[in-house]
Amino acid sequence: MKPLSFCLILLLCVLTPSISAQINYGNNPAAGKYLTTRGIKLYYETYGKGEPLLMIHGNGGSISGFSNQIPFFAQKYKVIAVDSRAQGKSVDACDSLSFEMMADDFNA
C-alpha cells in the first residue's frame, strides 16, 4: 500500500468516529419527529437515503443504543429508528404496558 493511501485511510478512520459522535442519536431535533397513533406519541429519527430500514430497540432501550449502527447503515439505507411505546422519548399516558400493545404499534 502506498504511504499516501495509508494516510488517507488512517485519517478517515480517525475522523469518522468524531463525526458520528457529534450527532446525538435519540435526541436529535434535526432528524427527530413524533407520530401520534392509537393515543400515543411515538418518537422516531430518520437518516440517509435509499430503501427503508426500520430499527427497533429492545425492551428498556432507546434510539441512542443504535449510535454505532445508524451511521453505517445510513450510508446505503433510509434508516428509521423508533423509540418504542413509553421508552426513550416516546410518550404513552396509559397505566399499563404489554408486549401485545407494543407489537400492535408496528402493525398499524
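Reading the values: the criteria
Residues numbered from 1 in each chain as written. Predicted model: local features only at pLDDT ≥ 70, side-chain atom pairs only at ≥ 80, totals over all residues. Heavy atoms only, no water. Core = buried A, V, L, I, M, F, W, Y, C linked by side-chain atoms within 4.5 Å. Buried < 20%, exposed > 50% of the residue type's maximum accessible area, 1.4 Å probe, protein only. Contact = heavy atoms within 4.5 Å. Pairing = 2+ DSSP bridges. Helix = DSSP H or I, 4+ residues; strand = E, 2+ residues; numbered from the N terminus. pLDDT = per-residue confidence, 0-100.

Trainee: I would appreciate a short explanation of the nonpolar core in the present structure.
Mentor: Inside soluble globular proteins, nonpolar side chains tend to come together where they are buried. Listed in full, the 11 residues of the largest apolar core are Tyr25, Ala31, Tyr43, Tyr47, Met55, Ile63, Phe66, Ile70, Ala74, Val79 and Ala81. Beyond its immediate chain neighbours, meaning those up to four positions away, isoleucine 63 contacts Tyr25, Gly26, Tyr43, Tyr44, Glu45, His57, Ile70, Ala81, Val82 and Asp83.

Trainee: Any chance you could explain the pairing of strand 2 (residues 40-47) here in plain terms?
Mentor: Regular strands have side chains that alternate between both faces of the sheet. Pairing geometry for strand 1 (residues 32-37) and strand 2, over six bridges, is antiparallel. Following the sheet pairing, threonine 37 is matched in strand 2 by isoleucine 40. In this structure, the hairpin formed by strand 1 and strand 2 is closed by a connection of two residues, where arginine 38 is found at a positive phi of approximately 55 degrees.

Trainee: I'm lost on the confidence of the model for the chain in this one. Help?
Mentor: Detailed reading of predicted coordinates is not advised where the pLDDT is low. Of all residues in the chain, 64% attain a pLDDT of 70 or more, and the chain-wide mean is 78. Within the chain, the element-level pLDDT minimum falls on helix 1 (residues 3-21), averaging 55, and the maximum on helix 2 (residues 70-73), averaging 96.

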